[in-house]
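# Tertiary structure, described
Spelled out from the first residue to the last, the chains are:
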Amino acid sequence: MEKQYDPSYFQLVQENEKLMDKKLRTKQLSYFQDAMLRFTKNKYNVTATIILLIMILMSIFVPMITPKYLYSQTNAGIMTLPPRIPILELIGITDGTKLYKNQPVQVNTIEIDEDGKASGTPEGFDMEYIKPGSIKYSYTIGTEVDEKYVGGTNTLYVNYDRIGYSVASNTLFTYTNAHEIVLDIESITEGATLKVYLSQWNTSSFSRTWDQLELLGTVTSEGIHRFDPMDGVSSGTARFIVLKLELPEKSVDGSENVVFNSVQIQNKADETVLQDYTGYTLATFVFYTHGQGIENGRFVRKDAKMLVAEFVYDVYGAIFADKPATIGRVEYERILSENPGMEDTIEMDENDPRAWTFGSGYPLSAVTGYEDFTVPGTGLQFRNYFVMKDGAYAVGFEDTPYFLFGTDEFGRDLFTLIWLGLRTSLLLGFMAAAVNIVVGIIWGSTSAYYGGQVDILMERFVDIWGSFPQITMIGIITVLIGPGFTALFIFMIYDGWIGAAGITRIQFYRYKGREYVLAARTLGASDRRIIFKHILPNALGTIVTRVVLSIPSVIFLEVNLSFLGFGIGNGQTLAIGPIELTGTSIGVILNDGQQQIMAGNTWLVIFPTLVVATLMISFNMFGNALRDALNPQLRGSE
């Protein structure tokens, strides 16, 4: 059923008005106004352009407003500090902490609880600055002869085509009637014999034959074996233990061995261990032989365990905290003399007349006590002060600083270094792109304008020149003039102009046959006028776009070459009029940072990589937007 509407619902809004075509009130846009309109149409391109502009400005001004000592001088006290950014640190991001993995634990601090779990203090770290609850312990297996590795076995091998091999303890022990030598043998090759000697030397340099050593006995099977030292020496004699693995005939594959769990010197009565050679101490036994031609082998440690820790460490807190130290009177007075006003800030401790504090901003924050002593025999009086050194002042700061991108392996501010390096990269990129485009325009326009044999010859030259291997070319340039700015610049332009020449050649072929060009030539216009007045202006938009798009590729080339070591390096400088380029570039920073990745200092690579990636994306989006905006065929399009 058709729906009916009440006519009173409708009203004529222009009942008394004449409807006529209105006059067009818009103005004709110029070429550049239209280009700007199309350029700003894509908001992403506008955003990329703003980001690119900000990065260029930061590369100019950040190094200018940052104190030079922060990025030009090394500071051993603040090397490889992690990033610390205000506000973000409040939510636990970039708060100056760093995750450490597989850090060896100090052997003398290891404790085993009732559940058998081990704990201790990681070497080189202060437990006070380890984030509570973040530390985890585990064992790692190794074969190193290092006291941090405990337990495991030590295997004595006889090498191929050799008859025996022996090792000796590196410490003397004085034996009595109450002692016995106990060997715990895990396994021994069938047919092999282990001979146990006592020797007054632990090197064969002072003995000529095995008969000069005291033989205590032999071992041919696994298990516990006990030897009485009195079978070889008298009570009160000091001797080294010598262990010799002997084969009935020469080794056929070098696999014959004896595996030791331990070698101990015990008290016979109660089996108290007086000297324990286990794990590391057993692995320190030294080579001992009487016949280099027939005796040789290996002494290998196996399945040793090292306690390691993983934890989050407050690096800033540990470096910039006050630290206790002991200094002499001379140093104490020198500090006071070098810091005027420091002595006036002293506040004595009411409860301890030997203690006082200083105001902030001085090398010492407090004196916790002192001691006076006299050098025996001289009568000279000296005093030692027990002080708290101000951590921040000691490394050149008044307060704990913020390093937004952290510091590099030389203690330099990475944030400033990146912008300083980006300035070098940008300037090199702009200069190389400018040279490339000038050479490219001259070459491409000449080739296309005159055409014929000229074009063929010039194109074949470009083919030959461009096909030369780049790696070979950079190697030749580096060998001839050495690495540096000049070598890098020559390589960046040696074939970089070929792309610009190709674009120019295509554009000239496109326009040189147009009617207005033919008309100009008919009227007697010179080649110069035709090129610069009638052809080049029409091709300029495409060529300009080529210039912009070539800059990021040149910068990226510089980064790659510097990263590979063919470019510039730290310490180099190049003055171009009032502008001085430093040897620091993004590629150099990445090259330095990649050596720190295994140490966990990943920010040295992450931040410069992000900057380069952002620069490349911004440049490409800007170039594409510029290409579309300057394309005369798109004029007036929405």
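From a predicted model like this one, the values you see are computed outputs, not experimental measurements.

Another aspect to go through is the nonpolar core. Within the largest apolar cluster, 37 residues are counted, with the highest numbers of intra-cluster contacts made by Ile418, Leu422, Ile555, Leu615 and Phe619. Those elements that provide at least two residues to this core are α1 (31–39), α2 (43–65), α8 (414–450), α14 (527–564), α15 (586–594) and α16 (603–630). If you tally residues by element for this core, the top one is α16, at 14 residues. Aside from chain neighbours lying at most four places away, what touches Leu615 is Leu52, Met55, Leu422, Leu426 and Ile555. Formed by 30 residues, the second largest nonpolar core is a distinct cluster that contains Phe173, Leu194, Val196 and Ile241.

The next point concerns the environment of Ile224. Among the structural elements, Ile224 can be located in strand β12 (residues 223–227). Taking relative accessible area as the criterion, Ile224 reaches 49% and is therefore assigned partly exposed. With 67 residues separating them in the primary sequence, Ile224 and Gly291 have C-alpha atoms 29 Å apart. Dropping the residues within four chain positions of it, Ile224 is found in contact with Val182, Leu183 and Asp184.

This paragraph deals with unusual backbone geometry. Backbone geometry at Thr94 places phi at a positive 45°, although glycine is not the residue there. Overall, Thr94 belongs to the partly exposed group, its relative accessible area being 24%. For Asn102, which is not a glycine, the phi torsion comes out positive at approximately 55°. Relative to the assigned elements, Asn102 resides in strand β1 (residues 97–104). On the basis of relative accessibility, which here comes to 55%, the residue Asn102 falls in the exposed class.

A separate point is the packing of aromatic side chains. Two descriptors summarise a pair of aromatic rings, namely the distance from one centre to the other and the angle between the planes of the rings. The full count for this structure, using the stated rule, is 31 aromatic pairs. With a centroid separation of 6.1 Å and 85° between ring planes, the pair formed by Tyr100 and Tyr313 is classed as edge-to-face. Of this pair, Tyr100 sits in strand β1 while Tyr313 sits in strand β18 (residues 304–314), and the two are 213 residues apart along the sequence. With a relative accessible area of 16%, Tyr100 lands in the buried category. A relative accessible area of 6% places Tyr313 in the buried class. Arranged with centres 5.5 Å apart and planes meeting at 50°, the rings of Trp210 and Tyr288 form a pair that is tilted.

How each quantity is defined
- Residues numbered from 1 in each chain as written.
- Predicted model: local features only at pLDDT ≥ 70, side-chain atom pairs only at ≥ 80, totals over all residues.
- Heavy atoms only, no water.
- Core = buried A, V, L, I, M, F, W, Y, C linked by side-chain atoms within 4.5 Å.
- Buried < 20%, exposed > 50% of the residue type's maximum accessible area, 1.4 Å probe, protein only.
- Helix = DSSP H or I, 4+ residues; strand = E, 2+ residues; numbered from the N terminus.
- Contact = heavy atoms within 4.5 Å.
- Phe/Tyr/Trp six-rings, centres within 6.5 Å; stacked < 30°, edge-to-face > 60°.

Just distances and angles here, no functional claims.
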